[in-house]
Amino acid sequence: MIFSSDNWAGASAPVSEALTRHASGLAPAYGNDPVTEAVSRRFSEIFERDVAVFFVATGTAANALALSAYARPGGVVFSHSGAHIQVDECGAPEFFTGGGKLRGLAGANGKITPEALSAAMADHPDGNPMHGQVSAVSISQATECGTVYRSGEIRALADAAHGRGIPLHMDGARFANAVSFLGLTPAEVTWKAGVDVLSFGATKNGCWCAEAVVFFNSDNALQFPYLRKRAGHLLSKSRFAAAQFDGYLAGGHWLANAAHANGLAQTIGEGLVAAGYRLAWPVEANEVFPVLPHSVIARLRAAGAMFYEWPADNIGSDESAVRLVTSFATDPADVARFLELAAG
Ligand SMILES: Cc1ncc(COP(=O)(O)O)c(C=O)c1O
């Protein structure tokens, strides 16, 4: 009953098999190999347009380097105050953007609104060096609250960002879960809704260690090879990152993994509500945030369930919000056992 994180899951069989398949023999280094080239083309097919794709090893690197491609002196990046770039990246976005400022915005369900964004951007008018200059907007899809931006919400944020001449970045550490929930195409969830650059996460959803930065207009990627190399993220054996994506993307495996994880999260959410508990946020992807009495948390842990407590609003003194994360590797039998224990 491990619900600690989707990062605890290993690699899925198709990903492991692809790694083995591409393991032997010699191939050009630094991304000039045939697997990297083929997988890069596959990204363009999936997104229905020519995209510029760059593999990196971590989601933090993907986010920080994506934002660095749009850095300006005194630049300000806007995101939700609970965004991973704000709270979980040890200053990497600030570091790689050359001292850029991250401005966190409040917003229900882990989402920012165009109104809050426009008001915050207005604090940084063009031509006033005292207040810095706007440089990018970043949203997480799925969000850190396990919710998912609808395409109309993304479009409205993109319009606000573009109105100030800055790009919309999407932290897609759980992109597959969001696409699966929305039932839309990857294109509809990104560039067709105004996203300029995507951190395409795959590690949490079946890969061993594979993330990609995807630029939807390759003109914006011209400096990226230098930014990535300078940051130490140009993999000499790029074919192994590519091999993982090869297995991950083939036959819709990535979306099947996400559907499995999302489905079990729904089961957990519905089961806990049926047992009388409340949820801090709606379940839309592969994370569930129930508010549980401490006695129930202790009972679940004593029986071997693993999960983290999580900050949330309106929590009483005898209860805590917890985060339950499902993945492609989550066993439905574990979910059933967990719900049985929770129901007491
Ligand atoms: C929303 C979000 N963005 C990005 C990341 C990527 O983090 P890492 O650098 O650990 O791969 C994570 C991982 O937990 C995440 O939850």
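Residues numbered from 1 in each chain as written. Predicted model: local features only at pLDDT ≥ 70, side-chain atom pairs only at ≥ 80, totals over all residues. Heavy atoms only, no water.

A.B. asks: An account of helix α1 (residues 13-21) is needed here, citing residue identities and associated values.
C.D. replies: When we look at burial in α1, the residues that qualify are V15, A18 and L19. Each buried residue of α1 sits inside an arc of 100 degrees when the element is viewed along its axis, so together they form one side. Looking at α1, the residues exposed on the side facing more than 90 degrees away from the buried face are T20 and R21. (Buried < 20%, exposed > 50% of the residue type's maximum accessible area, 1.4 Å probe, protein only. Helix = DSSP H or I, 4+ residues; strand = E, 2+ residues; numbered from the N terminus. Arc of directions from axis to C-beta.)

A.B. asks: Break down the site of the ligand for me, citing the residues and quoting the values.
C.D. replies: If you check the shell around the ligand, you find N7, T58, G59, T60, N63, H84, E89, E144, D171, A173, R174 and K204 and nothing else. Between the ligand and T60, the relevant distance is 2.5 Å, taken from an oxygen atom to a side-chain nitrogen or oxygen of the residue. Protein coverage of the free-state accessible area of the ligand, which is 390 Å², stands at 79%. No other element matches the three residues that helix α3 (residues 59-68) contributes to the shell around the ligand. Among the residues forming the shell around the ligand, the class breakdown is one nonpolar, six polar and five charged. (Near = heavy atom within 4 Å. Polar contact = N/O pair within 3.5 Å; in protein donor to acceptor, adjacent residues only side chain to side chain. Areas by Shrake-Rupley, 256 points an atom, 1.4 Å probe, with all protein chains shown as cover. Nonpolar A, V, L, I, M, F, W, Y, C, P; charged D, E, K, R; others polar.)

A.B. asks: Describe the domain arrangement of the protein chain, naming the residues involved and giving the relevant values.
C.D. replies: In terms of domains, the protein chain is made up of domain 1 (13-251) and domain 2 (253-343). Distance between the C-alpha centres of domain 1 and domain 2: 28 Å. Counting from both sides, the interface comprises 29 residues of domain 1 and, opposite them, 20 residues of domain 2. Buried surface at the junction of domain 1 and domain 2, both sides included, amounts to about 1,900 Å², of which 55% is carbon and sulfur. Connecting domain 1 to domain 2 are two salt bridges. (Domains from an automatic or database assignment. Contact = heavy atoms within 4.5 Å. Buried area = accessible area lost by both parts, 1.4 Å probe. Salt bridge = Lys/Arg side-chain N within 4 Å of Asp/Glu carboxyl O.)

A.B. asks: Summarise the packing of aromatic side chains; cite the residues concerned and give the values.
C.D. replies: Per the counting criterion, the structure on display carries 22 aromatic pairs. Members of the aromatic cluster, joined through ring pairs, are F43, F47, F55, F175, F200, F216, F245, Y248 and W254. Across the ring face of W191, the terminal group of R49 is positioned such that the distance to the ring centre comes to 4.6 Å. The side chain of K111 reaches across the aromatic face of Y149, ending 5.7 Å from its centre. (Phe/Tyr/Trp six-rings, centres within 6.5 Å; stacked < 30°, edge-to-face > 60°. Lys NZ or Arg CZ within 6 Å of the ring centre and 35° of its normal.)

A.B. asks: Tell me about the state of the cysteines, residues and numbers included.
C.D. replies: Evaluated as defined, the whole model comprises zero disulfides. No disulfide involves C209; its nearest neighbouring cysteine sulfur is the one of C207, lying 9.0 Å away. Given a relative accessible area of 25%, C209 falls into the partly exposed group. (Disulfide = S-S within 2.5 Å.)

A.B. asks: Tell me about helix α2 (residues 34-47), residues and numbers included.
C.D. replies: Working note: α-helix, 3.6 residues per turn, so residues spaced by three or four point in the same direction. Between its first and last C-alpha atoms α2 spans 20 Å; for 14 residues at 1.5 Å apiece the expected length is 20 Å, and the two agree. Among all positions of α2, only V35, T36, V39, F43, S44, I46 and F47 are buried. E48 lies just past α2 and shows a positive phi near 60 degrees. (Expected span 1.5 Å × (residues − 1).)

A.B. asks: Which residues make up the pattern of salt bridges, and what are the values?
C.D. replies: Oppositely charged side chains can form a pair if their charged atoms are brought close together. Counted under the stated rule, the structure contains 15 salt bridges. For K192, the salt bridge goes to E48, with nearest N and O atoms at 3.5 Å. With K192 in the loop between α9 (186-189) and β6 (197-201) and E48 in the loop between α2 and β1 (52-56), this residue pair connects regions lying 144 residues apart in the sequence. The class of K192 is partly exposed, set by a relative accessible area of 40%. R103 is the salt-bridge partner of D123, the closest N and O atoms lying 2.9 Å from each other. Of this pair, D123 sits in the loop between α6 (114-122) and β4 (133-140) while R103 is found in strand β3 (residues 101-105), placing the two residues 20 residues apart along the sequence. Among the residues examined, D123 registers a relative accessible area of 36% and is labelled partly exposed.

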